[in-house]
Protein chains: 2
Amino acid sequence: MNKPTGKLDAGTVPTGERPGSRKVYQAGVLWPDIRVPFREVAVHPSAQEPALTLYDPSGPYTDPTVVIDIEKGLSKTREPWVVSRGDVEIVETPREVKPEDNGFAKGEHLAPQFTAPRRVYRAKAGANVTQLEYARRGVITPEMEYVAIRENLRRKEADPFIRDGEDFGASIPDFCTPEFVRDEIARGRAIIPANINHTELEPMIIGRNFLVKINANIGNSAVLSHVSDEVDKMVWSIRCGADTVMDLSTGRNIHNIRDWIIRNSSVPIGTVPIYQALEKVNGVAEDLNWEVFRDTLIEQAEQGVDYFTIHAGVRLAYVPLTARRVTGIVSRGGSIMAKWCLAHHKENFLYEHFEDICEIMKAYDVSFSLGDGLRPGCIADANDAAQFGELETLGELTQIAWKHNVQVMIEGPGHVPMHKIKANMDKQLEVCGEAPFYTLGPLTTDVAPGYDHITSAIGAAMIGWFGTAMLCYVTPKEHLGLPNREDVKVGVMTYKLAAHAADLAKGHPTARAWDDAISRARFEFRWEDQFNLGIDPETAREYHDESLPKEAFKTAHFCSMCGPKFCSMKISQDIRDAARAQNDVDTGMDEMARKFRETGGEILVPLTPAE
Amino acid sequence: MNKPTGKLDAGTVPTGERPGSRKVYQAGVLWPDIRVPFREVAVHPSAQEPALTLYDPSGPYTDPTVVIDIEKGLSKTREPWVVSRGDVEIVETPREVKPEDNGFAKGEHLAPQFTAPRRVYRAKAGANVTQLEYARRGVITPEMEYVAIRENLRRKEADPFIRDGEDFGASIPDFCTPEFVRDEIARGRAIIPANINHTELEPMIIGRNFLVKINANIGNSAVLSHVSDEVDKMVWSIRCGADTVMDLSTGRNIHNIRDWIIRNSSVPIGTVPIYQALEKVNGVAEDLNWEVFRDTLIEQAEQGVDYFTIHAGVRLAYVPLTARRVTGIVSRGGSIMAKWCLAHHKENFLYEHFEDICEIMKAYDVSFSLGDGLRPGCIADANDAAQFGELETLGELTQIAWKHNVQVMIEGPGHVPMHKIKANMDKQLEVCGEAPFYTLGPLTTDVAPGYDHITSAIGAAMIGWFGTAMLCYVTPKEHLGLPNREDVKVGVMTYKLAAHAADLAKGHPTARAWDDAISRARFEFRWEDQFNLGIDPETAREYHDESLPKEAFKTAHFCSMCGPKFCSMKISQDIRDAARAQNDVDTGMDEMARKFRETGGEILVPLTPAE
């Protein structure tokens, strides 16, 4: 087993643009200083089409003009936005790092501290600094304009687009304006997780009426993982396409590792504070109490964590409902709180102190991710009374958070067979007032350890389509071990494609352009374009080169699957050319079709597009 | 590039039982000589539960008592069944192998012939030897009893089972009887692809009211692949779980490679005869004609191919409808026929000769797989007029095949976004009279080359749930290259899990037992059982061992994800134990719940299971 290293190896953090991509920025209008990043993929001149703009959560790491120094952390772009609002103050004596914050690690076992200086902020007495507070006051913040620009992918309001999805009652606008963002946040239907102490952040939005987002989990455990591994995994995750990252570290060095991650992260960082609180009481769940939990929340809020998973819905009364389940309670946080409840035969102290927690959240703008501690851990336990009972409590807590103008999203399952997925979405929308849903998968069968990124991508794509705002990834190692870098990549790519499949099916106005661009490249044998436009250019190229490694084949009008004589794409192009030669495509082909109809071919009547 | 080798290396064919599995057989009642194979997975004695029976398409290769010699081929178990029906005759002068059958390959380029002697059969003059013919005459064949036993997975009729799926109007019985099988075949709702010349076959059934099946494609191409590679890939595919295998070879040596594959295959083999016919006319689509195609059908029928993909639905009039598509025609067979139609400006000769084809099919019991030559090759082209026009023609051809008592299934797409998938299934059921649907994916987005096993598994699981009977796998190399052995494994495993997710969601009576068994093993930290019960025991074990390699950890009550202190499963078991100690689980927990309800906890009222 590995011990924490005493030094971070900056060489492991991947930098540079993705293959075939260029980092570009778009400035704000209301806030001209904001620079919203995109990934632009130019195609071969023969295509005679403009470059494609893709959503880019990879941060400054893919900007060749930025010098990365993880010892210093990323540039604090958001700091002036936060300060200029005039409602925050510098914390003169921030909470000091205590030995228990790092699990009492000492000497060579203690991970190095992040030492570059920074200011710690909190709301002035009586102030509420959440995006929800501003939104309800009618204020459009730089964060709001930033995400509005980001969601449009450089489309202009008048640009045409194809929209034929089924959105199940969502309200996705044709064009995303800053005012729409503000309104969605004000309604509680979307959140911008953005702690005032995470000024390195590039804001992003989570909500049903925006692009579906994905989260990657990283984190050491008591058993495995280095400090540098975790920073590297975070950078690697966002390079692959993760929109937020959760640091689920347990064991020693939790505090110090988290510092390194946040200071180097351009995406929101989420945590489960109960994990660290439990370390502080030496892993004895019964010894947890409000004071140690409160101290942990402040510790992490001052560090800049953007959202907290809080398992306040694991009420004492629900615990017995899990006793006859096949897999009991599978959420770590859920099981910790259940054990506490049973040991004391008392109501969950997170539930009891929920308003106190809200007071802390609003002083830093930490968003709630209300944890589903009783989510099903297997198909047999899906949609049971424990799960849905807890969900109703999360709905009740959502209303309390909203009363305090604190941003909220709701965590969801888990393991759910396909026919029971939609009920989860419908019930969440109903009982949680359309607060964003954030689900783990769900896995649609239990039988495939080693392939749970796929069992869950099926459920994730479906629930994303139905309305889930963010999908928490699952890696191939789920149920088996801690993911390595390759597993993280596979997990993120898998969820990226599931999220995009959901955007397509919902009819998001920006979605189709990507599929159409890569399909045109495929049809025209623009191999380089096909690689570069793919979600994972390196892997696509590598797979192609395994069969046809020579450079000459990059321009070949066939691939190794069929070889030159059998290529359907080639024949299909010949057909099109033949039709062109015979006449103009637009008239000639129609003419042929007309003739056929006249001779009785009624099947040519265009069919109604199916839903 | 590789040349065909002069020798097959038997050492490459994987044999032996899967880890933790035992090969078992169940005899017939109506036909006591039949022996239906299953894979039995015993669990640790501490579980106090019986071994789990899994469906087993892996053939004699996983029977340790069988000596495999691929030079001789598998045992011809079905030959007496076929002969005893009294309606077949030995073909005294079978069609001789011609130079063009192997693409005029000579000398060292010519793959070796399969030389072990065998008899070639065909129906006696005027006889029809299809399972559909027998079914409609009220005859229950050994093949029918075989698949009935196979579908029940050793469940007994009175055994309890959990069934809470949504089957969209399917008619899955609680228990599968031979008479039910006969009736479904007679209605055309299911097929048993079983050429009378493929006597090495272990029969299997394809239909909406049976377990969802998967197909793996193999085949050399003009560019790549050995003879031995293809036999190995076939064995490897069925070992991983493929229910049928399509040999899509193109280029040279098609005939000889196919011989090796069929003689060694215990699963149905499908082909696309137009590929070989095109080779016979030197790859010039315009030179194709009925005579060369007919000759190819007889050649392959005598070899024992179980189902033919026939692109008879690519009618001349539909071709112009593809001209403005983003990716035109992407089916190889479809594009070949389209080119032929346009070149001659004549109706597709497969359509014109469809009844002649039926005459050949019924003399050998080759099943139709009516090809969707105009399937969409990208999201933009999904559910368009060309695709649905062809589907209507396939419905018309289904009726003609049924008139001849020839078995039929219908091929389906392709690339389809999630919101347009169900319309495909609904339309297929409507226009093709509930003939089994056999789809390729569908891929739910175009943007993920390298991950198309996943983009398509999403669509495959969904359409399988909606009613598709067999799912054609897609490997990670789709759009990029020819799959190698690892790609074939990943493709098959991915589709196996998608098919099972569909069975679960449909509420197939055998489905839940598998999930529940592995979930109990997971909850009880029976690591070995969890590996062995998984779809891919080797991969699960390998992933686990990457983090915790020591043997001691195989009995550890935690895994590397959370470590010992944080393990939710462990805590959850403690909760259960605590509840047991306090009182008996069945009464104590109920008592606690009752008390809570009495104090106003109405959320404990069991919720109606959602659909």
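Summary of the structure given here. Just so it is clear, the model here is predicted, and its values are computed rather than measured.

Looking now at the sheet that holds strand E10 (residues 269-271) of chain A. Residues and elements named next belong to chain A. Pairing is parallel in the closed barrel, where 8 strands are placed in the order E8-E9-E10-E11-E12-E13-E14-E15. Strand-to-strand twist of the sheet, defined as the mean angle between neighbouring strand axes without regard to direction, takes the value 25°. Bridge count for strand E11 (residues 307-310) against strand E12 (residues 367-370) is 4 bridges, and the pairing is parallel. Bridge assignment links Ile310 to a residue of E12, and that residue is Leu370. Helix-sheet contacts for helix H6 (residues 254-263) involve strand E8 (213-218), strand E9 (244-247) and E10, and the interaxial angle to E10 is about 155°. Sitting on the sheet, helix H8 (residues 290-303) is in contact with E10 and E11, with an inclination near 160° to E11.

Moving on: the interface of chain A and chain B. Between chain A and chain B, the residue contacts involve 137 residues of the former and 138 residues of the latter. Taking both sides of the interface into account, the surface hidden between chain A and chain B amounts to around 11,800 Å²; carbon and sulfur atoms contribute 69%. Viewed at the interface, chain B and chain A are joined by 4 salt bridges. Measuring nitrogen to oxygen at the nearest pair gives 2.5 Å for the salt bridge that ties Asp164(B) to Lys420(A). Taken together, the links from chain A to chain B amount to 20 residue pairs in polar contact (both at pLDDT 80 or more). If you tally residues by element for the side of chain A that touches chain B, the top one is helix H15 (residues 485-506) of chain A, at 10 residues. Split by residue class, the side of chain A that touches chain B holds 71 nonpolar, 37 polar and 29 charged.

On to unusual backbone geometry, then. Following Pro413(A), the chain continues to Gly414(A) via a peptide bond in cis, the omega torsion being 10°. Assignment of secondary structure puts Gly414(A) in the loop between strand E13 (408-412) and helix H13 (421-431). With an omega dihedral of 10°, the bond running from Gly441(B) to Pro442(B) counts as a cis peptide bond. Looking at where Pro442(B) falls in the secondary structure, it is placed in the loop between strand E14 (437-440) and helix H14 (452-466). Positive phi, normally seen in glycine, also occurs at His345(B), with a value near 45°. Note on placement: His345(B) falls in the loop between helix H9 (332-344) and helix H10 (349-352). Positive phi is not limited to glycine here, since Asn383(B) has a value of about 55°.

All names here are of chain B. Here the structure, examined in full by the defined rule, presents 24 aromatic pairs over all chains. Note on Trp340 and Phe349: the rings are 4.9 Å apart at their centroids and 70° apart in plane angle, and the pair reads as edge-to-face. On the basis of an interplanar angle of 40° and a centroid distance of 6.3 Å, the ring pair of Trp527 and Phe531 is categorised as tilted. In this pair, Trp527 and Phe531 are both assigned in helix H17 (residues 527-533), 4 residues apart and thus about one turn of the helix distant.

With that out of the way, let us pick up the packing of H13(A) against helix H14 (residues 452-466) of chain A. Residues and elements named next belong to chain A. The contact between H13 and H14 brings their axes to 9 Å, and the two run at 35°. Of the two possible hands of crossing, H13 and H14 adopt the one that is right-handed. In this structure, H13 contributes Ile421, Lys422, Asn424 and Met425 to the contact, and H14 contributes Gly459, Met462, Ile463 and Phe466. Tallied by class, the residues present in the contact of H13 with H14 amount to 5 nonpolar, 2 polar and 1 charged.

Calculation criteria
Residues numbered from 1 in each chain as written. Chains lettered and ligands numbered in written order. Predicted model: local features only at pLDDT ≥ 70, side-chain atom pairs only at ≥ 80, totals over all residues. Heavy atoms only, no water. Pairing = 2+ DSSP bridges. Helix = DSSP H or I, 4+ residues; strand = E, 2+ residues; numbered from the N terminus. Axes fitted to C-alpha atoms, helices over the stretch in contact; angles between N-to-C directions. Contact = heavy atoms within 4.5 Å. Buried area = accessible area lost by both parts, 1.4 Å probe. Salt bridge = Lys/Arg side-chain N within 4 Å of Asp/Glu carboxyl O. Polar contact = N/O pair within 3.5 Å; in protein donor to acceptor, adjacent residues only side chain to side chain. Nonpolar A, V, L, I, M, F, W, Y, C, P; charged D, E, K, R; others polar. Phe/Tyr/Trp six-rings, centres within 6.5 Å; stacked < 30°, edge-to-face > 60°. Left-handed = near helix turned anticlockwise from the far one by under 90°.

Honestly, it's all geometry; don't read function into it.
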